[in-house]
Amino acid sequence: MKGKSIAYCVDFFIKLPLIPFDINTKILSMPIAYLTRRERFSSAHRLFLSELSDDENYKLYGQCSHPNWHGHNYELFVTVKGDVDTKTGYVLNLKTLSAILKEKVISKLDHRNLNVDVDFLEGMVPTTENLAIAIWNCIENDISTIGAKLHCVKVQESENNFIEYRGD
Ligand code: NI
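What you see is a predicted model, and the numbers here were worked out from it, not measured in a lab. (Residues numbered from 1 in each chain as written. Predicted model: local features only at pLDDT ≥ 70, side-chain atom pairs only at ≥ 80, totals over all residues.)

This paragraph deals with unusual backbone geometry. For W69, which is not glycine, the phi torsion reads 70° and is therefore positive. A positive phi angle, close to 55°, is found at H111, a residue other than glycine. Tracing the backbone shows H111 in the loop between helix 4 (94-109) and strand 3 (112-113). (Helix = DSSP H or I, 4+ residues; strand = E, 2+ residues; numbered from the N terminus.)

The subject of this paragraph is the environment of D85. Secondary-structure assignment places D85 in the loop between strand 2 (70-83) and helix 4. What makes D85 exposed here is the crowd of 12 C-beta atoms within 10 Å. Considered as a pair, D85 and P31 are 54 residues apart in the sequence and their alpha carbons are 8.4 Å apart. (Buried ≥ 20, exposed ≤ 12 C-beta atoms within 10 Å, placed from the backbone.)

With that out of the way, let us pick up the sheet that holds strand 5 (residues 161-165). Across a sheet, paired strands are connected by hydrogen bonds in the backbone, their directions being either parallel or antiparallel. Strand order in the open sheet made by the 5 strands is 3-1-2-4-5, with mixed pairing throughout. Of all the strands in the sheet, the pair left with one neighbour each is strand 3 and strand 5. Alignment of strand 1 (residues 32-45) against strand 3, held across 2 bridges, turns out to be parallel. Across the sheet, the residue bridging to S43 is R112, located in strand 3. Along the sheet, helix 4 makes contact with strand 1, strand 2 and strand 3, crossing strand 1 at roughly 20°. (Pairing = 2+ DSSP bridges. Contact = placed C-beta atoms within 7 Å. Axes fitted to C-alpha atoms, helices over the stretch in contact; angles between N-to-C directions.)

Before going further, it helps to spend a moment on the environment of I32. Along the chain, the position of I32 falls in strand 1. Note on I32: 11 C-beta atoms within 10 Å, which makes it exposed. When the C-alpha atoms of I32 and G82 are compared, they prove to be 5.4 Å apart, with 50 residues separating the residues in sequence. Setting aside chain neighbours within four positions, we find I32 in contact with K81, G82 and D83.

On to helix 4, then. The α-helix advances 3.6 residues per turn, and as a result positions three or four apart in sequence lie on the same side. Taking 1.5 Å per residue, 16 residues should reach 22 Å; helix 4 reaches 21 Å between its end C-alpha atoms and fits that length. Approximately 45° is the largest bend angle found in helix 4, and it occurs at K102. Among the residues making up helix 4, those that are buried are L97, L101, V105 and L109. Elements that come into contact with the buried residues of helix 4 comprise strand 1, strand 2, strand 3 and helix 5 (128-145). (Expected span 1.5 Å × (residues − 1). Bend = angle between axes of the 7 residues up to and from the residue.)

Note that soluble globular proteins tend to have their nonpolar side chains buried in a common cluster. Core analysis: the biggest nonpolar cluster contains 22 residues, and L76, V80, A132, I135, V153 and V155 have the highest contact counts within it. Residue assignment for this core shows that the elements contributing at least two residues are strand 2, helix 4, helix 5 and strand 4 (149-158). With residues up to four places along the chain from it excluded, the contact list for I135 reads L76, V105, V153 and V155. (Core = buried A, V, L, I, M, F, W, Y, C linked by C-beta atoms within 7 Å.)

Moving on, we get to the pairing of strand 1. Here strand 1 pairs with strand 2 via 14 bridges, running antiparallel. Bridge pairing in strand 2 links F41 to Y74.

Turning next to the pairing of strand 2. Relative to strand 4, strand 2 runs antiparallel, the two sharing 7 bridges. Looking at strand 4, one finds that V80 is bridged to L150.

In structure tokens form, the structure reads like this:
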């Protein structure tokens with residue numbers, strides 16, 4: 001019996017250095033989760049470059065270059081990354097995230113013309129790409145302030161087309 005437990009201890013200590021360090025790290029650190037909030041907004045826009053003719057803009061931007069504007073029903077998905085609090089079980093309070101998105105983004109975009117009404121899109125062609133980048137820049141600091149990290153801004157312009165921006 002004694003011999004058996006010594007053999008077990010020896011075996012255990014021989015194997016210990018082979019165990020990857022992240023086993024200890026995982027025990028000590030909190031699990032990380034990704035939380036996504038969806039918001040919706042409807043906006044008008046026109047995609048065009050002023051130096052191009054209407055025909056050239058149409059070749060470049062298609063229907064979205066129509067001179068008299070048109071609209072999209074957009075969906076915005078904002079994903080944040082953070083520790084899951086051991087007490088609350090939350091990455092963060094969804095109401096807080098939603099309030100930030102409504103104040104900083106949705107209230108400025110919804111039922112607005114993206115070419116002329118939105119301060120944070122000034123000077124940009126309001127493509128879905130530029131929209132996602134601009135939204136990222138609007139909310140990144142606020143997300144940090146509430147203790148999470150912005151991971152992804154996804155803007156869906158139509159059923160088949162969406163853009164993801166991850167800060168790169
Ligand atoms: Ni369009």
